[in-house]
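# Overview (structure and organization)
Chain by chain, the residues run as shown.
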Amino acid sequence: MSVRYNKVPHIKVNASIEEAVKAMIVRQSPVLHVTGNNGEPLGWLNSLDILRVFMEDPGAAEFKKRDIRGPMRTIAEEDYLDVTGKLSDISSWAKKREYRTPYFSTTEGTAGILSLHGLLQEALNNRDREKKLREEAETRFRQLTHTLQELEKALANLFADPMIAAKLKSTVEYQDEYDPATGKIKITGVIEEGVYRHVVNILRLLTELWEQGLMELAGMHQDTLVKTAIFHDLGKVQPRLEVGEIVDPKEAFESGKFHAFRSALLARRVYHLGENLVYLIRYHHHREDELPADFPRSLLPMHRLFRLLDGLSAGISRRGSRVNLTVRGTVVQVREESAHPTYNRCLELDLYSGNAKSKPLDRRTGGIN
Ligand SMILES: [Fe+2]
Ligand SMILES: [Fe+2]
């Protein structure tokens, strides 16, 4: 705990003015505590009062004419203080001065004596402000925790079978850096519960599209897209890689088409999902020109949309991208901003025709260049 006061020196009531002034000078205190013969408190003596007595004394006439340069102190390095600075700096400055008067000078020519009341008031105001901010932060944190719990519950309902969420959570994803010279990647991070988070990201993007009325288009089915999102990577397996490892992605990772087939198999055999869902899951890593002849044409708009969201969600979790979606009729406009500017883009995909236009994002105007 900091010291709240400096002790004032005592002086007996029958001392002379000379003795009192000496005590003030020796103890460097402009104030003395006056006690009686038995130590009982009687009063206090202020150096200004002694000066007043001195001024009224006719015997001091000669002395009073003397130049003030004699007792004046030159402003020294330790007298300078940035009085507008931090309270903690002012406090350490005052601590160094100990008993001496807290007189200060500034480089701009201001001079003053620290105001105890003013400094205390400021410290109290700061404390009140911080307390208010902390209370606000705590309230926001409580609200967020509540929202998160609600979301967790909603998601648990959506996944229906807890085994599905558990399987998705058990599969990690990796963050990496690609070296175009060698074609290899360096593992820079491990995303725990990666596939689960990937699915949640897709569901969030789907919600953004529903809010803009996309599901009112013919060929768009909310339930189909939600289930495709949940089941599409269920059969995914990942190698165990460490951060810092450099690997050839073609050797370390199997082609996405394999897990797409396994997921489709699980969806059909274990979860008895309908034919359309199985098609969308099985071919989610197939480009449109790779699709087999029996792929239903009516599923193409959802196939295009799902592949778009699948890629965007990977960008969100693996590259920290920010994605903004806008629906214009049958066209989905995507703005993707990544920490890695080469991934920045503005894309327009017509879900009905399959036409896609991709352009780099112009950060200055926010438009397409
Ligand atoms: Fe996949
Ligand atoms: Fe995926």
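Cut-offs applied
Throughout, residues of each chain are indexed from 1 in the direction in which the sequence is written. Working convention: letters from A go to chains and numbers from 1 go to ligands, in the order in which they are written. In view of the model being predicted, local features appear only for residues whose pLDDT reaches at least 70, and side-chain atom pairs are presented and counted only at 80 or more, with totals across whole chains, interfaces and linings using the full set of residues. Helical segments are the DSSP runs of H or I of at least four residues, strand segments are the runs of E of at least two, and each set is numbered from the N terminus. Based on C-alpha atoms, the radius of gyration is set beside the globule rule, defined as 2.2 Å times the residue count to the power 0.38. By definition, residue pairs are in contact when their C-beta atoms, positioned from the backbone, come within 7 Å. Per the annotation, domain bounds derive from an automatic or database assignment of domains. Angles here are taken between N-to-C directions and fall from 0 to 180 degrees, while the axes themselves are lines fitted to C-alpha atoms, restricted in helices to the stretch in contact. Each angle receives one of four descriptions, namely roughly parallel if under 35 degrees, roughly antiparallel if over 145, roughly perpendicular if within 65 to 115, and oblique otherwise. The sense of a crossing depends on the near helix, which, turned anticlockwise from the far helix by less than a right angle, makes the crossing left-handed and, turned clockwise, makes it right-handed. Gly is put with the polar residues, along with every residue not named as nonpolar or charged; the nonpolar set is Ala, Val, Leu, Ile, Met, Phe, Trp, Tyr, Cys and Pro, and the charged set is Asp, Glu, Lys and Arg. Residues are called buried when their C-beta atom has 20 or more other C-beta atoms within 10 Å, exposed when it has 12 or fewer, and partly exposed otherwise; all C-beta atoms are positioned from the backbone. The pairing criterion for strands is at least two bridges between them, as found by DSSP. Every helix has an expected span of 1.5 Å times one less than the residues it contains. Each nonpolar core comprises buried Ala, Val, Leu, Ile, Met, Phe, Trp, Tyr and Cys residues, the members being joined through C-beta atoms within 7 Å. Every residue gets a pLDDT, meaning the predictor's confidence in that residue, from 0 to 100.

If you tally the helices and strands in the protein chain, you get 12 helices and 12 strands. Relative to the 2.2 N^0.38 estimate, which gives 21 Å for 369 residues, the radius of gyration of the protein chain is 39 Å and therefore markedly larger than a compact globule would have. Across its three principal directions, the C-alpha atoms of the protein chain cover 120 × 50 × 45 Å. Contacts in the protein chain between residues at least 24 apart in sequence constitute 47% of all its contacts with a sequence separation of at least 6.

When cut into domains, the protein chain gives domain 1 (1-72) and domain 2 (160-314). Using only C-alpha atoms to locate each centre, domain 1 and domain 2 end up separated by 87 Å.

Once that is clear, we can look at the packing of helix H7 (residues 194-211) against helix H8 (residues 222-231). Where H7 contacts H8, the two axes come as close as 9 Å, and the packing angle between them is 165 degrees. With respect to H8, the axis of H7 lies roughly antiparallel. With respect to the hand of their crossing, H7 and H8 are arranged in right-handed fashion. Within the contact between the two elements, H7 uses Val199, Ile202, Leu203, Leu206 and Trp210 and H8 uses Gln222, Leu225, Val226, Ala229 and Ile230. Its residues placed into classes, the contact of H7 with H8 shows 9 nonpolar, 1 polar and no charged.

Residues Val332, Val334 and Glu336 of strand E10 (residues 331-337) are buried on one face, while the alternating residues Val331, Gln333, Arg335 and Glu337, pointing to the opposite face, are not. Judged from the 7 bridges that link them, strand E9 (residues 322-328) and E10 form a sheet pairing that is antiparallel. When the bridges of E10 are listed, valine 323 appears paired with glutamate 336. With antiparallel pairing between neighbouring strands as the criterion, E9 and E10 make up a hairpin whose turn holds 2 residues, including glycine 329 at a positive phi of roughly 65 degrees. Pairing geometry for E10 and strand E11 (residues 345-350), over 6 bridges, is antiparallel. Paired with glutamine 333 across the two strands is glutamate 348, which belongs to E11.

Strand order in the open sheet formed by 3 strands is E6-E7-E8, with antiparallel pairing between adjacent strands. Edge positions in the sheet fall to strand E6 (173-179) and strand E8 (246-247), since each has one partner strand and no second. Pairing analysis gives 7 bridges linking E6 to strand E7 (residues 184-191), with the strands arranged antiparallel. Looking at the pairing, tyrosine 178 lines up with isoleucine 185 of E7.

Below, the discussion takes up helix H12 (residues 300-319). One full turn of an α-helix is made of 3.6 residues, so residues set three or four places apart face in the same direction. The end-to-end C-alpha distance of H12, which contains 20 residues, comes to 28 Å, matching closely the 28 Å that a straight helix rising 1.5 Å per residue would cover. Burial in H12 covers these residues: Pro301, Met302, His303, Arg304, Leu305, Phe306, Leu309, Asp310, Ser313 and Ile316. Where the residues of H12 are buried, they touch H7, H8, helix H11 (275-282), E9, E10 and E11.

Judged by nonpolar contacts, the single largest core of 35 residues is most densely connected at Val199, Leu206, Ala267, Val278, Leu280 and Ile281. Counting residues per element, the ones that place at least two in this core are helix H6 (162-169), H7, H8, helix H10 (256-269), H11, H12 and E10. Top element by residues in this core is H7. It accounts for 8 residues. Excluding anything up to four places from it in sequence, valine 199 contacts Leu168, Ala229, Ile230 and Asp233.

With that settled, consider the sheet that holds strand E1 (residues 10-12). Within the open sheet, the 3 strands sit side by side as E1-E2-E3. Their pairing is mixed. Looking along the sheet, the strands with just one partner apiece sit at the ends: E1 and strand E3 (41-46). Neighbour to neighbour, the strand axes of the sheet diverge by 35 degrees on average, direction disregarded. Here 3 bridges tie E1 to strand E2 (residues 31-35), and the two strands are oriented parallel to one another. Of the residues in E2, the one forming a bridge with lysine 12 is threonine 35.

Phi angles above zero are rare outside glycine, and glutamate 193 is one such case at about 55 degrees. Here glutamate 193 shows up in the loop between E7 and H7. The backbone of histidine 272 sits at a positive phi, close to 50 degrees, despite the residue not being glycine. Here histidine 272 is to be found in the loop between H10 and H11.

The subject of this paragraph is the packing of H6 against H7. The geometry of H6 relative to H7 is characterised by a closest axis approach of 5 Å and an angle of 115 degrees between their N-to-C directions. Relative to H7, the element H6 is oriented roughly perpendicular. From H6, Ala165, Leu168 and Lys169 reach across to H7, where they touch Val195, Tyr196 and Val199. Tallied by class, residues from the contact of H6 with H7 come to 5 nonpolar, no polar and 1 charged.

This brings us to the confidence of the model for the protein chain. Counting all residues, the mean pLDDT for the protein chain is 89, and 96% of those residues have values of 70 or more. Per-element mean pLDDT across the protein chain ranges from 85 in helix H5 (residues 116-159) up to 97 in H11. Confidence over residues 364-369 falls short of pLDDT 50; this stretch has 7 contacts with residues more than four positions distant or in other chains.

Here the focus is the environment of isoleucine 191. Considering the arrangement of structural elements, one finds isoleucine 191 in strand E7. A C-alpha to C-alpha distance of 70 Å links isoleucine 191 and valine 26, two positions 165 residues apart in sequence.

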